[in-house]
Amino acid sequence: MEPENNTENNTQAAANAASGTQMPATARRSLDDPNATFEDLPFKPQLTEKQAKRANQTFKGMVLSIGFTIAILIPVLMLNPAPKDDAFESDVNLQATAEQTEKISGFEIFAPELGEKEYANFARWQANTAQGVPYWECGLVFENKDFVWVRQAAEANPTWIALITDAAVPTETRTIGGAQWEVRTKDQGTYLISEFKDSTVVLSSDTSDEQLSVVAEQVASELG
């Protein structure tokens, strides 16, 4: 590419030379200088008509692509709003399920009244079990997301308890709510086991021993 021929500058330079006036020299930065700009080039780059057209088409294509992507994402985001922790509502009616279960279980079912932000995420009667011990179970979720698993059986035996507690090791005995509870632990899980007049209750949690004790007090109060 040829350097640009600037007639006006040449004329001005000739006039200055005739009058004896020297134009101030402007030092051009080296192209290795990180502060160098287009003004420091020995020539002004020029795009051909085809290059300019191609660059314009590329820019238009990029804008259309971004617009198309946004048009797809907006409906998807509107149809799938971000989940809110306080928006979950369980459809498990713990009290109604417990009342139905008592008709076939033969013992009083433990189903505590839950607070406003507490719920049961499951509640069922397990009749056909591999251990041959039918039992009631429910999962209780509390405000801070602590979870307590309740299992209750009339025909509990050591084998069933070992299977239910995943062969957890007995560690101690605690008195909670006036009832004696055997404590078993395994990994992060804690199990509380106690016998009442017509059933054995097994409570377990891997989130909060404190919440586990609160539920154990409720069991002792209702079944003791």
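Quantities reported herein were computed from a predicted structural model and do not represent experimental measurements.

J.: Even after reading the chapter, I still don't get the sheet that holds strand E5 (residues 179–186), so can you show me in this structure?
T.: By definition, the strands of a sheet pair up through backbone hydrogen bonds, in either a parallel or an antiparallel sense. Spatial strand order, E1-E2-E3-E7-E6-E5-E4: seven strands in an open sheet with antiparallel pairing. Across the chains shown, the open sheet's two edge strands, defined by having one partner strand only, are strand E1 (119–126) and strand E4 (169–176). Pairs of neighbouring strands in the sheet enclose a mean axial angle of 20°, with direction left out of account. Alignment of E5 against strand E6 (residues 189–195), held across five bridges, turns out to be antiparallel. Bridge assignment links Glu182 to a residue of E6, and that residue is Ile193. Set on the sheet, helix H5 (residues 209–223) makes contact with strand E2 (135–141), strand E3 (147–153), E4, E5, E6 and strand E7 (200–205); between it and E7 the angle comes to about 160°.

J.: Looking at this model, I keep getting lost on the pattern of salt bridges. Mind explaining?
T.: Once the charged atoms of two side chains with opposite charge are near each other, the side chains can pair. Going through the model one piece at a time under the given rule, you end up with four salt bridges. Lys186 is the salt-bridge partner of Asp166, the closest N and O atoms lying 3.3 Å from each other. Of this pair, Asp166 sits in the loop between helix H4 (158–164) and E4 while Lys186 sits in strand E5, placing them 20 residues apart in sequence. Taking the relative accessible area as the measure of exposure, Lys186 reaches 32% and is therefore partly exposed. For the salt bridge of Arg184 with Glu182, the shortest nitrogen-to-oxygen distance reads 2.6 Å.

J.: Can you walk me through the packing of aromatic side chains in this structure?
T.: For any two aromatic rings, the description comes down to two numbers: the centre-to-centre distance and the angle of the planes. One pass over the full model with this rule turns up five aromatic pairs. On the numbers, 6.1 Å between centres and 90° between planes, the contact of Phe122 with Trp149 is edge-to-face. Here Trp149 lies in strand E3 and Phe122 lies in strand E1, a separation of 27 residues in the sequence. By relative accessible area, Phe122 is classed as buried at 15%. Its relative accessible area of 28% is what places Trp149 among the partly exposed residues. Three or more aromatic residues link up through ring pairs in this structure, and these residues are Phe122, Phe147 and Trp149. When the ring centre of Trp149 is taken as reference, the NZ or CZ atom of Arg151 above it lies at 3.7 Å.

Definitions and limits used
Residues numbered from 1 in each chain as written. Predicted model: local features only at pLDDT ≥ 70, side-chain atom pairs only at ≥ 80, totals over all residues. Heavy atoms only, no water. Pairing = 2+ DSSP bridges. Helix = DSSP H or I, 4+ residues; strand = E, 2+ residues; numbered from the N terminus. Axes fitted to C-alpha atoms, helices over the stretch in contact; angles between N-to-C directions. Contact = heavy atoms within 4.5 Å. Salt bridge = Lys/Arg side-chain N within 4 Å of Asp/Glu carboxyl O. Buried < 20%, exposed > 50% of the residue type's maximum accessible area, 1.4 Å probe, protein only. Phe/Tyr/Trp six-rings, centres within 6.5 Å; stacked < 30°, edge-to-face > 60°. Lys NZ or Arg CZ within 6 Å of the ring centre and 35° of its normal.

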